[in-house]
Structure formats: structure tokens, C-alpha cells
Amino acid sequence: LIIPEGQILGIVGVNGSGKTTLLKLMIGYFNQDQGHILYKGQHIKNVRNQLKREIGFSAQESSFYPKLTVEENVSYFGSLYGLGSHEIVEHTERALAFLDLLPFRHQISSELSGGMQRRLEMACSIVHDPKLLILDEPTEDLDPVLRRDILRLIKRLNKLGTTVVIT
């Protein structure tokens, strides 16, 4: 399977079919027993630092810190992705604005609604402007209105040139 740059690829399957495992293999979280996963023509084992800079990942379960504010979470993830201190400030502001989280920047993350927490997850995964964004069931358990909002945000990111893989 080749994922063309600038596209949105959906991975569909029943529960337990391996969708999350595949995504974790793609980001190098797991090592594969068979086959090869290539990123820009190179085996992912050989490009781990490049993966960190160029791929954003949002897991099915929340990965932000519930006792930190929205802004603190996004900034922290910026540091994990290797951004410098000036970049963290600039990129955090941009990610919060893109996901309509600026009014909530000082709110404790655990106090956000489910839909706003999903936005926070996305903000944390795009703070470093990834070329490839991998989202594991970003609309799970959301009502139809929130689901539509998240899908619109994904399409907006894609129109800006981000390749998206979504389960």
C-alpha cells in the first residue's frame, strides 16, 4: 500500500482487526515481525528522527495530561516533537487558533468537554506542523455534530497539505 502525499486515507475494519496495531507499526512504536514499512523510500527503523519531526500521531485513548492547561499540554507536546522554545510559543499559538482552542488555553484539560478534548488531542499532534498526520478513531464516542466538526478540521488540515491517515 502506498499512501500518496496530500491525500486522506481511511483504514476501516472491525474491532480487533489490527487497525491500531498497524498505525503503531507505521510510527515505529512497534517493530514488525514481517514485511517492511517504508517512509519516503527508507525503512522506518532508519528514519526514526525524521519520523518524529514529520509525523503527528493521535492515539485512540487520550494522551494529554489532564491536570495541565490546554496551552501547557500543546507546548509540552511541541517540546516532545523537538521544537525550540521560540517555535513552541509560535506553533502552540497557531495550533490553538486552528482548532478554535484559544478561548480555552488556560482551562485545565480534564475540565473540557469530550469534543474539546478531541480538539486538544489534535492540537497536540499537529503542533510541529507534521507532513503526515495519523489519527486513531478521532471521532469515536462523539455526537454527530462534534463528529462533523472534527472531520471538517481534518479536511482543513489536508487542504493545507498534510497527508492524513485515519481509522
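Predicted model, so just to flag it, every value in this text is computed and none were measured.

Enquirer: Which residues make up the packing of helix H3 (residues 70-80) against helix H5 (residues 114-126), and what values do they have?
Expert: Contact geometry of H3 with H5 gives a least axis separation of 8 Å together with a crossing angle of 30 degrees. Viewed along their axes, H3 and H5 adopt a mutual orientation that is roughly parallel. In terms of crossing hand, the pair formed by H3 and H5 is right-handed. On H5, the residues that touch Val70, Asn73, Val74 and Phe77 of H3 are Leu120, Ala123 and Cys124.

Enquirer: Could you give me a rundown of the nonpolar core, with the residues and numbers involved?
Expert: In a soluble, globular protein the nonpolar side chains are often hidden away together inside. If you look at the biggest cluster of nonpolar residues, it comprises 29 residues, and the most contacted ones within it are Val74, Leu99, Leu101, Leu120 and Met122. Broken down by secondary-structure element, the contributors of at least two residues to this core are H3, helix H4 (85-98), H5, strand S5 (132-135), helix H6 (144-159) and strand S6 (163-166). No other element matches H5, which puts six residues into this core. Not counting residues up to four positions away in its chain, the partners in contact with Val74 are Thr92, Ala95, Leu96, Leu120, Ala123, Cys124 and Val127. Counting 15 residues, the second largest nonpolar core, distinct from the first, contains Met26, Leu51, Ile134 and Val165.

Enquirer: Just give me the short version of the side chain of Glu137, but keep the residues and values in it.
Expert: Tracing the backbone shows Glu137 in the loop between S5 and H6. Beyond its immediate stretch of four places on either side in the chain, Glu137 contacts Lys19, Gln60, Arg118 and Thr167.

Parameters and conventions
- Residues numbered from 1 in each chain as written.
- Predicted model: local features only at pLDDT ≥ 70, side-chain atom pairs only at ≥ 80, totals over all residues.
- Heavy atoms only, no water.
- Axes fitted to C-alpha atoms, helices over the stretch in contact; angles between N-to-C directions.
- Helix = DSSP H or I, 4+ residues; strand = E, 2+ residues; numbered from the N terminus.
- Parallel < 35°, antiparallel > 145°, perpendicular 65-115°, else oblique.
- Left-handed = near helix turned anticlockwise from the far one by under 90°.
- Contact = heavy atoms within 4.5 Å.
- Core = buried A, V, L, I, M, F, W, Y, C linked by side-chain atoms within 4.5 Å.
- Buried < 20%, exposed > 50% of the residue type's maximum accessible area, 1.4 Å probe, protein only.

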